[in-house]
Amino acid sequence: MKMTDLFTKTTKTVPADEAARNARLLIQAGFIHKEMAGVYAYLPLGLRVLEKIKQIVREEMDSIGGQEVMMTTLQPRDIWEKTNRWDDSVVDNWFKTALKNGTELGVGLTHEEPIVDALSAYVNSYKDLPVLVYQIQNKFRNELRAQAGLLRGREFVMKDMYSFARTQAEHDALYERIAEAYGRVYQRLGIGDITYRTKADGGYFTERFSDEYQTISDIGEDTVYVDEAKKLAINKEVYTDENLAKLGITKADLVEKHAVEVGNIFPLETKYTDALSVYYTDETGAQRSIIMGCYGIGISRLMGVLAEHFSDDKGLAWPESVAPFRVHLVRLGESPEVVKQADELYSSLTAHGISILYDNRNIRPGEKFADADLIGIPHRLVVSDKTVQAGSYEYKLRTSDAVQQLQSDALLKLLGAK
RNA sequence: CGGGGAUUGGCGCAGUUGGCUAGCGCGCCGCGUUUGGGACGCGGAGGCCGGAGGUUCGAGUCCUCUAUCCCCGACCA
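Reading the values: rules and limits
- Residues numbered from 1 in each chain as written.
- Chains lettered and ligands numbered in written order.
- Predicted model: local features only at pLDDT ≥ 70, side-chain atom pairs only at ≥ 80, totals over all residues.
- Heavy atoms only, no water.
- Helix = DSSP H or I, 4+ residues; strand = E, 2+ residues; numbered from the N terminus.
- Buried < 20%, exposed > 50% of the residue type's maximum accessible area, 1.4 Å probe, protein only.
- Contact = heavy atoms within 4.5 Å.
- Lys, Arg positive; Asp, Glu negative; His and termini not counted.
- Charge placed at Lys NZ, Arg CZ, Asp CG, Glu CD.
- Salt bridge = Lys/Arg side-chain N within 4 Å of Asp/Glu carboxyl O.
- Pairing = 2+ DSSP bridges.
- Axes fitted to C-alpha atoms, helices over the stretch in contact; angles between N-to-C directions.

It is not clear to me how the overall build of chain A should be interpreted in this structure. Could you clarify?
A tally of helices and strands in chain A yields 12 helices and 23 strands. By its C-alpha atoms, chain A is 80 × 60 × 45 Å across when sized along the principal axes. Within chain A, buried positions represent 53% of all 418 residues. A separation of at least 24 residues holds for 68% of the contacts in chain A among residues at least 6 apart in sequence. Mean positive and mean negative side-chain charge positions of chain A (51 and 62 charges, respectively) differ by 4 Å.

It is not clear to me how the pattern of salt bridges should be interpreted in this structure. Could you clarify?
In a structure, side chains of opposite charge can pair up when their charged atoms sit close to one another. For the structure on display, the rule yields 30 salt bridges. Where Lys-340 meets Glu-344, a salt bridge forms, and the shortest distance between an N and an O atom there is 3.3 Å. With Lys-340 and Glu-344 both in helix H9 (residues 336–351) and four residues apart, this pair spans about one turn of that helix. Judged by relative accessible area, Lys-340 falls into the exposed class, the value being 52%. As a salt-bridge pair, Asp-371 and Arg-361 come within 2.9 Å of each other at their nearest N and O atoms. Taken together, the residues span a long stretch of sequence, with Asp-371 in helix H10 (residues 365–375) and Arg-361 in the loop between strand E20 (356–359) and H10 at a distance of 10 residues.

Where do I start with the sheet that holds strand E4 (residues 74–76) in this structure?
Strands in a sheet are paired, the pairing made by backbone hydrogen bonds, and the direction either parallel or antiparallel. If you walk across this open sheet you meet the three strands as E4-E6-E5, and the pairing is antiparallel. With one partner strand each, in any of the chains shown, E4 and strand E5 (95–98) form the two edges of the open sheet. Taken pair by pair, the neighbouring strands of this sheet meet at an average axis angle of 40°, ignoring direction. Direction of pairing for E5 relative to strand E6 (residues 104–107): antiparallel, over a ladder of four bridges. Note on E6: the bridge partner recorded for Ala-98 is Glu-104.

Next up, the structure:
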C-alpha cells in the first residue's frame, strides 16, 4: 500500500475528549474513527489489525474442532423469555427495537439462546454430540457508560463459542481443550506472559468457578490476585479464604494487580438447554439434558489492549503477528535513482508476499520517521541517496535503535521471503 | 443514573465587566526556497460560536431548556 493512496492520515494533535491511551494512539495514527461514545469505526490500518486478531482466534478455534457460524443480530423476543432474560430488570443493557407492526426485537448482546434454539433443529441423538460452534460478530450492549476507548464499547467485536456435551466428563474435557486454545491465542498475540487464567464467579446457578483471561494492565477495571509461579490468578470478586483453600492457592503467593478481561470461559451446565427444551436421546432411548459451555474473546477489546501494551512515547509498536503491514518502506528524496530503487524494492518485496506500507509521499524526512514510529509497523526500511550510493538498504526494527545496512538478498532472508 | 468538567473552521485552543468585519497554532490550497528526525517565506480558502427559546439598542459572552463528549462513582448474565 502506497501512503499517497491510503485513506487515512496521521495527526499531530489528538481529540481532547479521548483520555485512554489506546484510543488516543489509534485515532492519532489513523487506525480507528470515533463515531460516538463507545462506538468506533475501523479504518484500513485498524481493520487489518482487527482481521489479524480474528484470524489467529479463528485458527485456534478451528484447531480444536470449532465450526464457524454467524448468528443474527436481530433477535426474537420469545426465546429470550424462555430463559427469563428478555426483561430489562434482568438484563439491563439490551438494545431493543421493533418491527413496523410493533413486534419487539432485541439487538444481539450475546447468543446463548439463539444458538441453542438453532441446535434444536440438528441435535436429537447422542450421535450428534458433542458440538463446538463459534462466531465472530459485532455485539451490542447498552452500557450506562462507555469508557477507555476500545476497552468498553457499546458496539464491539467478539468471538463467542458454545460447546454442547453429553456428559459432565465430556464437557470438562472440551472445556480444558478450549482453555488451552485460549492460552495459545494470547501467546500468539504477544501477551501470553501477562495474561492469566483467572478464577472468577461462575454465576448464580452453579457452584463452579468460571475462568477469565486477564491481561495485566494499569488501565484494567478488574482487580485480580496473581500467583506468578503457578501462572494462575483469582478475581477479587471471589477472593475469599474458602475459595483460596478450594483452589489450593496460598495468600502469601498472591500479588494484587489491575487487569483487563480479554476472554472468559463459562460452564453453563444445563441452564439454557433445559430452558429451551433441547435434549438428546441416549443409547438406551432415554431423554437427557445437554451440558453447555460458552467461551468469549473480546476481539476489538484485544486490539485496545495490544495498543496499550505495545506502544511507547513515539507511538504504536505492533508485534509481528498483528501488525497491519510487516514492512514500512520510507523513501527519502525525489531523485530519479531513489524513486527507482524504492519502487523496485516495493515491487520486489510485494512479489515475495511481504506486506508493505510504502511512504512515497513528498514530505520531509522527519515527518516520515515520526509517522513510521507512530504507526508502529515492525520493520522499517529506508531508501535514500545514501543507500543508493552504498548499494544497500537501511533496516531498523521499530523496537530497536540499531540500524543495519543490508543487501537485497540478506534483506529477503531476514524477512523470511520465499 | 449521581457528582465534576467540557462543546468556538478538519484538529488543538484563546476570546476581558455583553460592543464594531470572531482570533491564534497545526493541518489544507498556490508559488518559491528547502530535504536523514515533524523546515521557512509570501499569498489564499475555511467557522456564525452544539441546538432551541429568551433578555438586550447589541449575545460566543447573560438566563431557560435541550443534545453530545470526557472523567469519578454506581452498573457491566
